[in-house]
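# Working through the structure, step by step
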Amino acid sequence: MVYRTRYITQGIAKVLIWLAALSTIGVMVLILFQVLAEGLPVLHLRFFLDSPKSMGREGGILPTIVGTFALTVVAILFATPLGVGTAIFLREYTRESRISRLIRFGTDCLAGVPSIIFGLFGFVFFVIYLNMGWSILSGGLTLAAMILPTIISTAEEAIKAIPPSYREVSYSLGGTRWQTVMHTILPSALPGICTGILLSVGRSIGETAAVILTAGSSLLMPTSLFSPIRTMSVHFYILAREGISLKMAYGTGAALILLVLLVNTVANWLLNRYIRRRA
Amino acid sequence: MPPETKIVIKDFNFYYQSVQALRNISLTIHPREIFAIFGPAGSGKTTLLKSLNRLTDLMFGTRHTGTIFLDGANIHGPQTSLTQLRRQIGMVFDLPTPLPLSVFDNVAYGPKLSGATQKGRLAEIVEKALRSAVLWEEVKDRLHTSALRLSGGQQQRLCIARILALEPEVILLDNPCSGLDPISTASIEATLAELKKSYTIILVPHTVQQASRVADRAGFFLNGEVVEEGPVYQIFTRPKDKRTEDYVTGKFG
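## Details of the overall build of chain A
If you tally the helices and strands in chain A, you get 11 helices and 2 strands. With the C-alpha coordinates of chain A rotated into their principal frame, the extents come out at 65 × 65 × 35 Å. Within chain A, the proportion of its 279 residues that are buried is 38%. For chain A, long-range pairs separated by at least 24 residues make up 74% of all intrachain contacts whose partners lie at least 6 apart in sequence.

Shown next as structure tokens:
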């Protein structure tokens, strides 16, 4: 009798777990399929290399690709040193104290703030108050603030996961705290830190609300950090929202998906190589 | 003439928060001897070793009273450089602790931190250290593969080589054979006998038998106190204290 109930429970659990996994894959495939089916026919080499014509009804999306890259790079360049530095401070330079709890509380709050609020803050602070205008810099800094909590917490987790013996060994060999961080902590935490950066890259590329408010929606090719730009996500949003061209919107969406896929693949390949070299 | 001294520990007490781990320890270690610290788990052996190179400084909420002298200088004195002290007193831990680096980079880690960057010089240091730890012949063809791929015994000798590369004066070994098979243990013990010629060694042995095999003198620790110390032949054959006798004869522990 007991055997039978156990057998049935086992069976139900198996079905449910398979169902969960399959529906996840199902949703993913459905979205990808829809966007790619509509968008792939638009993707020709010209689409990637031309500037948009007549508000994006025709032509390509080159300036938005450049804009997306520029914005993401600026965001990562600002957020990574700040975030990793904070994580190192929390893990290696201080013990649990009022300050560390305050920092963690702050980052947790920051992580829960909707992106449009970051956009508003960026608009008021960077665009208007610091007079940086709608620009790559304003948008990049806003995104940096937005992804900072992710980078801090993933870096902190990565550092926490390092065996304590590594630290002891480094110190017992006469290492200073800074040398221990540079030669042992950071190299060991690098894969985890990179995962956080990758997540942040994904979020930056996909962000729309915060970017419209801080980087603008210019279709011109940017010439400096102070140029306004339109990212691919914003382009997609405007094309679809304002009914300019659904066809081109899907094209942009497909290009965006391929881009994210490419970034992730290359990054994973590099990471795996790094991990294999150390193991 | 009194015998030379390398380390003198005087009335040393150590506390983790409110727990006292060491009580009134007074010990003298002579140059180029192997001194064994043995006793049941929790008797303060590791705490004493970590106090000697001040790795205990890394832990929060600890304090100590009493003094420790290395070559006559107080290791807690203001003139003592912490990094210098740790280079002089190298430590090998109970489980092998290779860093996730190549064999070469593990041994070169310490010298690099102290400023040795010249490739040729580093290669010399690494080879010499690996030879002294009796590991060179086994790893000379795979210096640039990951140290994590070595066997347990090899990893532990690598850890010994890693501190030898800093040319220390004292080597602390915290039960270095705890995770090793008898053959690896024998190779570590042979290495120790070789190292004794040039270094002062403080060893927490894996077993009482190991202490009697390799050590010159020994101290029996119980509940943070030194119950008895003396030459091994005396401690293991004619212990003065009843508790020591019970421990070495296997009545408890």
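## Some points on helix α11 (residues 246-278) of chain A
For α11(A), spanning 33 residues, the distance from its first C-alpha to its last is 48 Å, which sits close to the expected 48 Å at 1.5 Å a residue. Those residues of α11(A) that sit buried are A:M248, A:A249, A:Y250, A:G251, A:T252, A:G253, A:A254, A:A255 and A:L256.

## What to know about helix α1 (residues 45-52) of chain B
Residues and elements named next belong to chain B. When you tally the buried positions in α1, you get 8 out of 8 residues, the bulk of the element. Considered for burial, the residues of α1 that qualify are K45, T46, T47, L48, L49, K50, S51 and L52. Downstream of α1 by a residue or two, R54 has a phi angle that is positive, lying close to 55°.

## Side note on the environment of B:N24
Residue and element names in this part refer to chain B. As for its placement among the helices and strands, N24 is situated in strand β2 (residues 19-29). Each C-alpha atom, one on N24 and one on A211, is 23 Å from the other, the two residues being 187 residues apart in sequence. Excluding residues within four positions of it along the chain, N24 makes contact with D11, N13 and E225.

## Remarks on the sheet that holds strand β1 (residues 7-16) of chain B
In any sheet, the strands associate via hydrogen bonds between backbone groups, in a parallel or an antiparallel arrangement. All names here are of chain B. Strand order in this open sheet of 4 strands is β2-β1-β4-β5, and the pairing throughout is antiparallel. Unpaired on one side and paired on the other, β2 and β5 (73-74) mark the two borders of the sheet. Pairing of β1 with β2, which is carried by 7 bridges, proceeds in the antiparallel orientation. The partner of Y16 across the bridge, within β2, is V19.

## So, the nonpolar core
Residue and element names in this part refer to chain B. In terms of nonpolar packing, the biggest core is built from 76 residues, with A161 and L172 touching the most fellow members. Here this core takes 6 residues from helix α6 (residues 152-164), the largest share from any one element. For A161, the contacting residues outside a window of four places in its chain are V107, A129, L130, S132, A133 and L135.

## Notes on the interface of chain B and chain A
Contact with chain B, which involves 21 residues of that partner, is made by 17 residues of chain A. Taken together, the residues of the side of chain B that touches chain A sort by class into 12 nonpolar, 6 polar and 3 charged.

## Topic: unusual backbone geometry
Glycine aside, residues mostly have negative phi, and peptide bonds are mostly found in the trans state. All names here are of chain B. In this structure, E167 takes a positive phi of about 45° despite not being glycine. Turning to its location among the elements, E167 is positioned in the loop between α6 and β7 (170-174). With a phi close to 50°, N175 is a non-glycine residue in the positive phi region. Checked against the element boundaries, N175 lands in the loop between β7 and α7 (182-195).

## Some thoughts on the pairing of strand β8 (residues 200-204) of chain B
All names here are of chain B. Of all 5 residues that make up β8, 5 are buried, and the element is covered over most of its length. Across the two faces of β8 the burial is the same, with T200, I202 and V204 and I201 and L203 all buried. Bridge count for strand β3 (residues 34-38) against β8 is 3 bridges, and the pairing is parallel. By the bridge assignment for β8, F35 is matched with I202. Here β7 runs beside β8; their pairing, made up of 5 bridges, is parallel. Residue pairing for β8: V170 is matched across the bridge by T200. Handedness of the β7-α7-β8 crossover: right-handed.

Conventions we followed
- Residues numbered from 1 in each chain as written.
- Chains lettered and ligands numbered in written order.
- Predicted model: local features only at pLDDT ≥ 70, side-chain atom pairs only at ≥ 80, totals over all residues.
- Helix = DSSP H or I, 4+ residues; strand = E, 2+ residues; numbered from the N terminus.
- Buried ≥ 20, exposed ≤ 12 C-beta atoms within 10 Å, placed from the backbone.
- Contact = placed C-beta atoms within 7 Å.
- Expected span 1.5 Å × (residues − 1).
- Pairing = 2+ DSSP bridges.
- Core = buried A, V, L, I, M, F, W, Y, C linked by C-beta atoms within 7 Å.
- Nonpolar A, V, L, I, M, F, W, Y, C, P; charged D, E, K, R; others polar.
- Right-handed = clockwise from strand over helix to strand, strands pointing away.

The analysis is restricted to geometry; functional conclusions fall outside its scope.
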